[in-house]
Amino acid sequence: MKQFLIAGNWKMNTDINSTSDLLESIWNLKKNYSNSVQVLVCPPFTNLSQANKTLQDKPIHLGAQNCYWEPKGAFTGEISLDMIKSCGCNYVIIGHSERRSLFGETNQMINNKLHAILSSGLIPIVCIGETLEERREGRTFVVLEEQIVNSLEGIDEKIQDIVVAYEPVWAIGTGVAATEEQVDEAHNKLREMLNNKFGSTANKTLILYGGSVTSENADSIFKLTNVNGALIGGASLKAETFVTIINTAEKYV
Ligand code: 13P
């Protein structure tokens, strides 16, 4: 049976009150969740504790949008995995293109974070994706392979414990999602790259698509063989659209 993860990346949106409001709205619209469609929300760090209180033991997972790899110490402004865990999170997004392009994160830094997350027992969501320029130059798969090889270095069989999110940079926040053919091609290729590097264990790795996912285009994406869900920005900030996207995934399990 196909497994899905529907993840909301709230980015730098919401405060303590609106975090609770949004979670309560999601819960009011949907109370039954399938075991094959895991649902995750990733509010800003400052709202995680409040989100955890609001969610209590509801079947909606909580995740962080970033982390630091050191356990503690003089790293002003950084957040450790123990801190994230103590807020009730079980997922952490790393390598988002906004972190790569605006905050200078490299594949090496992402790899350090990845190893720390795996040691902590949390589930990493590793984001990769090409820019528009790289796609126009026909370098999409070279770039994706480089990101896979370097950011996933040294994890071996733990490949099955991670989630990969394919987010073409040009599709993020633009309203222009990748076409069905582009998503299909990229996800098939990513599965092949993961299989080549890690063997058949990588068949268990969930591969999410991200970039202008909406309640309208979710169906055409979720029906594709190697798509296991979505990492959703804008559309995860509205309870109705987020719930519609979750319900769409449930059609395919
Ligand atoms: P949008 O869904 O707003 O395009 O954002 C995608 C994204 O970056 C999720 O991590």
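Engineer: I'd love a proper account of the sheet that holds strand β4 (residues 91–94), names of residues and values included.
Structural biologist: Pairing is parallel around the closed barrel formed by eight strands, whose spatial order is β1-β2-β3-β4-β5-β6-β7-β8. Between one strand axis and the next, the sheet turns through 25° on average, direction left out of account. For β4 and strand β5 (residues 123–128), the ladder comprises four bridges, and the chain directions are parallel. Note that in β5 the partner of Tyr 91 across the bridge is Ile 123. Of the strands in this sheet, β5, β6 (163–166) and β7 (206–210) touch helix α8 (residues 180–198), which is tilted by about 150° from β7.

Engineer: Could you give an account of the side chain of Ser 97, naming the residues involved and the relevant values?
Structural biologist: With respect to the element layout, Ser 97 can be found in helix α4 (residues 97–103). By relative accessible area, Ser 97 is classed as buried at 13%. Once residues within four sequence positions are removed from consideration, Ser 97 is found in contact with Leu 102, Val 169 and Ile 172.

Reading the values: the criteria
- Residues numbered from 1 in each chain as written.
- Predicted model: local features only at pLDDT ≥ 70, side-chain atom pairs only at ≥ 80, totals over all residues.
- Heavy atoms only, no water.
- Pairing = 2+ DSSP bridges.
- Helix = DSSP H or I, 4+ residues; strand = E, 2+ residues; numbered from the N terminus.
- Axes fitted to C-alpha atoms, helices over the stretch in contact; angles between N-to-C directions.
- Contact = heavy atoms within 4.5 Å.
- Buried < 20%, exposed > 50% of the residue type's maximum accessible area, 1.4 Å probe, protein only.

By themselves, these figures tell us nothing about what the structure is for.
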